[in-house]
Amino acid sequence: MCGIVGYVGKNQAPSILIDGLNKLEYRGYDSAGMAVHDGKNINMLKTKGRLSNLIKLLIEHPLKGTLGIGHTRWATHGAPSDINSHPHMSEDHVIAVVHNGIIENYMEIKEELAEKGFHFVSETDTEIIAHLIDSYYKEGLSFEKSVFKAVSRLEGAYALGIICRDCPDTLIAVRKGSPLVVGNGNGENFIASDIPALLNYTREVYFLEEDEIAVLTPDDIKIYDKNENPVKRDIYHVTWDIEAAEKSGYAHFMLKEIHEQPKIVRETILKRVPENGEGIVLDNIKLGKEELDNIDRIYVVACGTAYYAGLIGKHLIEKVCRIPVVSEVASEFRYKDPILDDRTLLIVVSQSGETADTLEALRIAKRSGARVLAVVNAVGSSIAREADDVFYILAGPEIAVASTKAYSAQVAAMYILTCHIAVAIGKMSKDEFKAVKEELYTIPGKIEYILQKESVEKRLAEKYKGVRNVFYIGRGLDYLVSQEGSLKLKEIAYLHSEAYAAGELKHGPIAMIDENTLVVAIAVQEELIEKTISNIKEVKARGAKAMAIAMKGNTKIADVADDVIYIPRTMGLLAPVLANIPNQLFAYYMALNLGTDIDKPRNLAKSVTVE
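Procedures and definitions
- Residues numbered from 1 in each chain as written.
- Predicted model: local features only at pLDDT ≥ 70, side-chain atom pairs only at ≥ 80, totals over all residues.
- Heavy atoms only, no water.
- Pairing = 2+ DSSP bridges.
- Helix = DSSP H or I, 4+ residues; strand = E, 2+ residues; numbered from the N terminus.
- Right-handed = clockwise from strand over helix to strand, strands pointing away.
- Axes fitted to C-alpha atoms, helices over the stretch in contact; angles between N-to-C directions.
- Salt bridge = Lys/Arg side-chain N within 4 Å of Asp/Glu carboxyl O.
- Buried < 20%, exposed > 50% of the residue type's maximum accessible area, 1.4 Å probe, protein only.
- Patch = residues over 30% accessible without salt bridge, like charges linked within 9 Å, V, L, I, M, F, W, Y side chains within 5 Å.
- Areas by Shrake-Rupley, 256 points an atom, 1.4 Å probe, with all protein chains shown as cover.
- Lys, Arg positive; Asp, Glu negative; His and termini not counted.
- Charge placed at Lys NZ, Arg CZ, Asp CG, Glu CD.
- Contact = heavy atoms within 4.5 Å.
- Parallel < 35°, antiparallel > 145°, perpendicular 65-115°, else oblique.
- Left-handed = near helix turned anticlockwise from the far one by under 90°.
- Nonpolar A, V, L, I, M, F, W, Y, C, P; charged D, E, K, R; others polar.
- Expected span 1.5 Å × (residues − 1).
- Polar contact = N/O pair within 3.5 Å; in protein donor to acceptor, adjacent residues only side chain to side chain.

Visitor: Mind showing me how you'd approach the pairing of strand 16 (residues 325–329) here?
Guide: Remember that side chains alternate between the two faces of the sheet whenever the strand is regular. Summarising the sheet, strand 15 (residues 297–302) and strand 16 pair through five bridges and their orientation is parallel. From the neighbouring strand, I298 faces strand 16, where its bridge partner is V325. Each parallel crossover has a hand, and the one from strand 15 via helix 9 (residues 304–321) to strand 16 is right-handed.

Visitor: Before we go on, may I ask you to explain the sheet that holds strand 18 (residues 371–376) in this structure?
Guide: Taken together, the five strands give an open sheet; going across it, the order is 16-15-17-18-19, and neighbouring strands pair in parallel fashion. Sheet topology places strand 16 and strand 19 (389–392) at the edges, where each strand pairs with a single neighbour. Each strand of the sheet is rotated relative to its neighbour by a mean of 20°, with strand direction disregarded. The pairing of strand 15 with strand 17 (residues 344–350) spans five bridges and is classified as parallel.

Visitor: What should I look at first to understand the pattern of salt bridges in this one?
Guide: Oppositely charged side chains can form a pair if their charged atoms are brought close together. Per the counting criterion, the structure on display carries 36 salt bridges. Note that R233 is salt-bridged to E212, the shortest N-O span being 2.7 Å. Here R233, found in the loop between strand 13 (220–224) and strand 14 (236–237), pairs with E212, found in strand 12 (residues 212–217); they are 21 residues apart in sequence, far enough to count as distant. For R233, a relative accessible area of 22% translates into the label partly exposed. Residue E212 is classed as buried on the basis of its relative accessible area of 5%.

Visitor: Quick question: what am I supposed to make of a negative patch on the surface here?
Guide: A cluster of acidic residues, E104, E108, E111, E115 and E155, forms a negative patch at the surface. Relative to the elements of secondary structure, E155 occurs in the loop between helix 5 (143–151) and strand 7 (156–164).

Visitor: Just checking my understanding: could you explain the sheet that holds strand 23 (residues 545–551) for this structure?
Guide: Sheet strands associate in pairs through backbone hydrogen bonding, adopting either a parallel or an antiparallel arrangement. Taken together, the five strands give an open sheet; going across it, the order is 21-20-22-23-24, and neighbouring strands pair in parallel fashion. Only two strands of the sheet have a single partner each, and these edge strands are strand 21 (496–501) and strand 24 (563–567). For this sheet, the mean angle separating the axes of adjacent strands, direction not counted, is 20°. When strand 23 meets strand 24, the two strands line up parallel, connected through five bridges. Of the residues in strand 24, the one forming a bridge with I549 is I565. The strands touched by helix 16 (residues 477–493) are strand 20 (469–474), strand 21 and strand 22 (517–523); relative to strand 21, the strand with the most contacts, the crossing angle is about 175°.

Visitor: Help me understand the packing of helix 4 (residues 127–138) against helix 5, please; the structure alone is not making it clear to me.
Guide: The description of two helices packed together rests on the angle between their axes and the distance between the axes. Running from N to C, helix 4 and helix 5 cross one another at 130°; their axes reach a closest spacing of 8 Å. One finds that helix 4 runs oblique with respect to helix 5. Here helix 4 and helix 5 pass one another in a crossing that is right-handed. Each of L132, I133, Y136 and Y137 in helix 4 lies in contact with helix 5, whose residues at this interface are F143, S146, V147, K149 and A150. Split by residue class, the contact of helix 4 with helix 5 holds seven nonpolar, one polar and one charged.

Visitor: Would you mind going over helix 7 (residues 261–272) with me for this structure?
Guide: Given 3.6 residues to a turn, an α-helix orients residues that are three or four positions apart in the same direction. If you check helix 7, its first and last C-alpha atoms are 17 Å apart, about what 12 residues at 1.5 Å a residue would give, namely 16 Å. Of all the positions in helix 7, only Q261, P262, I264, V265, T268, I269 and R272 are classed as buried. Here the buried face of helix 7 lies against helix 6 (253–259), strand 19, helix 13 (405–424), helix 14 (430–452) and helix 18 (575–594).

Visitor: Help me understand the environment of S193 in this model?
Guide: With respect to the helices, strands and loops of the structure, S193 is situated in the loop between strand 10 (189–192) and strand 11 (204–207). Judged by its relative accessible area of 3%, S193 falls in the buried class. For the pair formed by S193 and E212, sequence separation is 19 residues and the distance between their alpha carbons is 15 Å. Here I4 takes part through its backbone nitrogen, which lies 2.6 Å from a polar atom of the side chain of S193.

Pasting the structure below:
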């Protein structure tokens, strides 16, 4: 959520800032702006709306200078507007700030500054940062010292990019609870919220840790902790290419990422379940029988799509390993005083590795002595750094706000973790593991097969584009797939969509069913197929249209559903990752028909770094 880019060097900053902000559009935003130092003064342009609006402003009012900060804002304090857009400046234009996150004590500081004669023009919490730094600067402190002192007053989560009128070659970055990357160039240096913004200029980056401050000049980068002590940090070399974050001929990033899933799932499986080995490779993750014997309870904690992947993990571990697992939404987990101790394993799932509620759940668990295993995509992210063990899904950059390939890789990770635990504690024999392993290897090819038939989902999306109420139903694992399918339709098509355990229909939701309703029944758990067919008959009797997702060869369901999307046959436990692909495609084509902004759906952000 929100994007920060900063530059100090020998080249013109505006074009670099625009390029970086363009690479961060996927994070979600409602306004954009930049401040550039021309050698004497700081000049600013900002506007409500898309980055294209800022580019138009730049054409009309060009900015020049080799030091600058840019921002795409996702509104938290104050409605989207030109005034509330970032950057924010002190009254005399000495200090300019861009900010991701939330300052929790901003009202207290605002009142204090108002009493001293400072005036405010916006509704944001960010504006107080510029004034607070300026207040210390006016007292005679240096630019750096003023930033350190101001930051010590701030409560909340934030990433900051700051420049000063009197320091035309200095850019300061601050990180607390919100991600920030420092790029190391040749005679130029950079900051950004995420790596894609930097890849056209450098592959050498530093990940700022909690409460760290970086001071950048064209030829130097210094990193300090909150007590102003110098910090030594190893450079991380980015190995993936910028083309991985480009559309490669697809109409949208989401469609591209849907089509990347066979490759991603194949790599996730082969890295951990090598064909020429007998077991599972978890790198440095120590989760053998000895460690598992010392665990009394397991939690799986996540948000959004990652939460639904975690629900599948919970189901698998309980069913196969016979270990009770509690699955929690991270935003609830952190406030319910969970039972945690040194015999607890917390599995956190996050694509970005920066999800605020999930990160805080991790920290609560660590303070209680629990062990934390993170299933994460983003290398070097906060969750990855703070967890005891990390299972990297390595799905590459996921640009579309609505997650697809990361979800499939997370589910694949859950299969692998379940098999590892089951074998370690004797709940799965070598022969059983061999059978699952062989079937796992077929999953990527079966995803490819489904994608080759995407004209089916395209046709059905055209057929049902007029519906405004959609219910997803399923039983067992199918219900979990239903939840993720419903979320995708909400996220990108803006349709009212709900998921229910099919057996719960008669306990209330069936009152909503009428001839204007589409019911999508996930029916790939074949031991439950007869029950699901009964539920389809129930909704059909009340006038609803029914679309089913079933395994190839299942003819019974075709007798009751209006339309059926078939997936290749596989083990029931492995079916969720296949059954979800038609859900993704159907949501995509529904959104395409409705003309929504598929990659950047309204009100949403890719990485939710505030509560």
